[in-house]
Each structure stands twice: as structure tokens, then as C-alpha cells.
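Structural description and commentary
Single-letter residue listing:
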Amino acid sequence: MTFVVWTAIGMSVSTGLLHAVLGLRRPWHATSLAFAVVMALQAAWYFCGLQIYEATSLAAAAPWARRLTVVVALGMAAFGWFLAAYARIAIPRPLIALHVAGVVAMAASAVVTPMGAGVGAAPRLTGVAMLDDGVVHIIESDLGVVQVAFFGFVALTFAAGVVLGIQLYRRGERRRGLFLSAVTAPVVIGVGLDLVRDLMGGTWLDLSELGAVSLSLVMSIQLGLDFRADDRKLAATLAGVAQRTAELSAMVEAALEVRDRLNTPLQNLELGLAMRAEDAPAERATLAPMQAAVVELAELGRAVERSLAGGRVALAHPEADR
Amino acid sequence: MAPGAVLFVDDDADLRELMREVLLRLGVPEVTGASSLGEVQARRDEALACDLAMLDINLGRDQPTGVNVYDWLRREGFAGRIVFLTGHAASDPRVREAAALDGARIMSKPLTVAELGRLLEEGRPAT
């Protein structure tokens, strides 16, 4: 059994690392980052559960039960973040406030109670025989309203994933919606069955752990597909920007070329009019407006140059603006 | 004292003719006009005897530029002043290249007769 849990921890850590690397690429990918945090906390959750499995007394199991409660609280917060990022929706503030209140209450229970809100009255360490003839231990207790609320909060958080998955499906994002509902539904069912077990005094292992394993596996694949699709979109956008930049650059160059080519005729006019004015003083009054026009044309050309030259530099070295 | 001889290089024949006329009127004793590096090289002795070289930067598509003329003149020992005349923007790569040359000066077209006069004055020895 220990081997299986360690395998699950290894999977969670490696999946978390993979998505942390993907998420930390610029621009930050919030969904991958949130999923990485969820996976890290899931690994911590498995580890705390493993310590309880291997505990030989209730006193030894108690601190791990408290830590487990804190990890679950943080996990619920991270999973809420993940859901919002994955579904790309703005969650109503009252709902966020309720969720945060639940997380805080859950974490606080680890401080004010001996074993956290998930363990009820009269706790006892019970051995469960495994198929390989080994024995692991779980904490049994008489569940009260607080414990039901604890498991209910966890189940509701994952149930939100099922609902969001259905909404995504209806919105047209069928594959993403199906994946989300498919990975969160087993966790909801697992948590529900664990609650039934505790209420009935059953001794089977946590089924929610199995749901969590499937969540990490399937969701990781889905996020990988998402990441690839986003990467393709980004590449297409960058290619489009590069094409627009090239077009703009060509327009700027063409405008500057026209401006440049005007200068030689303007130089001819400038010198020609100056000589004519010297040769024929009687015509100076007639020539003066023409000379002024040449000066004005030259100034207009310089104005065009000033306004376009900055664009030429910016288009040639777009990274300078970053 | 009259200004010395001027080498004027531009691919526009009308401008060469007008510039020659204006420079002569401004007191320049001799104006050597050329349209390309090849023509400057063909008139090597006249070109190197000038005190001032006025070079257009763009001497036509796929042709050696005014910068190439500058390099050739300096290699051949031309000791006079060299001024680039250009209609191109300061951001143009060819203008930037010319501006980076040692002792070169860039002037933008169109130049007025008064500006040409001042340019020639700058070359006169102080009296």
C-alpha cells in the first residue's frame, strides 16, 4: 500500500513540476500555475495520509490529521483558483467570499481542535487489512454536523467543477467541459462515499484518494492539450503581427522614399530660382512666392521625415519598445 | 581670397549643371562635376586637386554610393574637406554610415545659395 501512495506522490510532484514550468513561461499561464499548486498540495495530502496509515497510535496520528486538514483547506483554495482560471469565468464575489470563509474555517479547525474538523468525537485508530496482508491505519470517529459540513464543503468545491464543466460544454468548449466534469465527478462521489463510510462505521480506505489520482492524470493530459492549442494561437498571432509590421515598414519606407526623391527636384528649383532672381532683378517680386513655396515644400518634407523616422526605427527594432 | 576648386558628385545632370553655375558665381574658380565613382576615378587628377568635395550619398540604384567615393578619395590622399549632400532622412542606413565617417559632414537638400556661400566661407583661410 505504501508503494501505491508513494507512486501517487511521485505522480503529483512530477505533474506539478511540469505544469509549474509551463505556467511560469511568459506570459504566465494561470491555469497551469494553479494546477501546479493543486498538485503540490495533493502530494502533501497523500504524504499526510501516508503518515496516518503508518501511525501506531492515535497520539502519533493526531498531528498528521491536523496537517492534513490544513493541506485540504489550502487545496480547496487552490482548486477554486484553478477552476476560475480553467473555465475563464468571473466568479461572483459572494461565492468567492463563501469559499474563502470555508477555507479559513477549515484551516482554523486544525488549530482549535485536536485533529481538525474532519475528525469527530471519540476518535480511534483502526487497522484495515490490505490485499497484500499488510495493515494500514485510519482514524474513525463519531461524525457530527461539523464533520458533515467539512466533507460537504470539499464535495461542493469539486461539484462546482462538475457544474462548470457542463457550462463549458454548453458554451461550445465541449472537450474542455467534458474533461473537467469527468475528472471532478469521481472526486465528488469518492468524498460522498467516504462520508457514508464514516457515518456507517465502515472501514474501507479513502475513495476520494482514487478520485484525486484520476484528476491529476486526466487533467494533466487536458492541460497539455490546452497548452499546445494556446501555443499555436500565440504563434499564429505573432506571425500576424510580424506580417503587419512588415507591411507598415514597407509603407514607411515608401513614404520616406517619395520624400527623399522630392529633394533633388527641390534643390534644382531652389538654385534655378536663385539664379533667375539674380539675372533678372525685375522678376524678383514674381519669383519670391515660388522661392517661398520651395522653402515650404522642403519644410513639409522634413516634417514627414520626422514623423516617419521614429516609426522606421521602432519597426526595425520592435524589441526596443518592450 | 577666392575659394578653391570644388568636386561635385551627383547623379542628377540638371543639378550638376545648376550647382556648377551657382558655385562659379559664388567665386569658385573651378568646378569638377561627376555622376559616379567611375567618373571621379576617370578624372582622378582634377578630383584630387579640389579643396572641397560635395558628394550626393545615393548615386543611383545598384551604383557605388557617395560613401564609396569618400573612401576612394581618402585612399588616394585627398586632403580637402568632404561634405555629403543628401535628400535622405537621418534614419536612413546610408546616411548613418556616412555620418559615422571620420571628418565627414552631412547637409540636407535642398541647400539655399546662402548656405552654399557659408559652406565655401568656412573653407577660406583666416585673414
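Computed from a predicted model, the values in this text were never measured in an experiment.

With that settled, the discussion passes to the overall build of chain A. Tallying secondary structure elements over chain A gives eight helices and two strands in all. When the helices and strands of chain A are read in sequence order from the N terminus, they spell out α-α-α-α-β-β-α-α-α-α. Counting all 322 residues of chain A, 35% fall into the buried class. The long-range fraction of contacts in chain A, counting pairs at least 24 apart against all pairs at least 6 apart in sequence, stands at 65%.

When pLDDT is averaged across chain B, the result is 88; 91% of the residues are at 70 or more. Overall fold confidence for the complex sits at a pTM of 0.56, while the interface term, ipTM, reaches 0.84.

With that out of the way, let us pick up the nonpolar core. In terms of nonpolar packing, the biggest core is built from 58 residues, with V38(A) and I52(A) touching the most fellow members. Sorting the residues of this core by element identifies helix 2 (30-54), helix 3 (58-87), helix 4 (93-112), strand 2 (135-142), helix 5 (145-171), helix 6 (174-200) and helix 7 (208-279) of chain A as the ones contributing at least two each. Setting aside chain neighbours within four positions, we find I52(A) in contact with A61(A), W64(A), A65(A), H137(A), I138(A) and I139(A). Core analysis: the second largest hydrophobic core is formed by 35 residues, V28(B), A47(B), A53(B) and F84(B) among them.

What follows concerns the packing of helix 1 (residues 2-23) of chain A against helix 7 of chain A. Residues and elements named next belong to chain A. Between helix 1 and helix 7, the shortest axis-to-axis distance is 10 Å and the interhelical angle comes to 20°. Taken together, the axis directions place helix 1 and helix 7 in an arrangement best described as roughly parallel. In this structure, helix 1 crosses over helix 7, and the sense of that crossing is left-handed. Here A8, M11, S12, T15, H19 and L22 of helix 1 lie close against helix 7, whose contacting residues are V213, S216, S220, L223 and F227. A class-by-class count of the residues in the contact of helix 1 with helix 7 yields six nonpolar, five polar and no charged.

We now examine the interface of chain B and chain A. Taken together, the 17 residues of chain B in the interface contact 18 residues of chain A. Here the side of chain B that touches chain A takes six residues from helix 1 (residues 13-25) of chain B, the largest share from any one element. Counted by class, the side of chain B that touches chain A contains nine nonpolar, four polar and four charged residues.

So, about the sheet that holds strand 2 (residues 31-34) of chain B. Residue and element names in this part refer to chain B. Taken together, the five strands give an open sheet; going across it, the order is 2-1-3-4-5, and neighbouring strands pair in parallel fashion. With partners counted over all chains shown, the strands left at the sheet margins are strand 2 and strand 5 (105-108), one partner each. Each strand axis lies, on average, 20° off the axis of its neighbour in the sheet, ignoring direction. Looking at chain direction, strand 1 (residues 6-9) and strand 3 (residues 52-56) are connected through four bridges and run parallel.

Basis of the calculations
Residues numbered from 1 in each chain as written. Chains lettered and ligands numbered in written order. Predicted model: local features only at pLDDT ≥ 70, side-chain atom pairs only at ≥ 80, totals over all residues. Helix = DSSP H or I, 4+ residues; strand = E, 2+ residues; numbered from the N terminus. Buried ≥ 20, exposed ≤ 12 C-beta atoms within 10 Å, placed from the backbone. Contact = placed C-beta atoms within 7 Å. pLDDT = per-residue confidence, 0-100. Core = buried A, V, L, I, M, F, W, Y, C linked by C-beta atoms within 7 Å. Axes fitted to C-alpha atoms, helices over the stretch in contact; angles between N-to-C directions. Parallel < 35°, antiparallel > 145°, perpendicular 65-115°, else oblique. Left-handed = near helix turned anticlockwise from the far one by under 90°. Nonpolar A, V, L, I, M, F, W, Y, C, P; charged D, E, K, R; others polar. Pairing = 2+ DSSP bridges.

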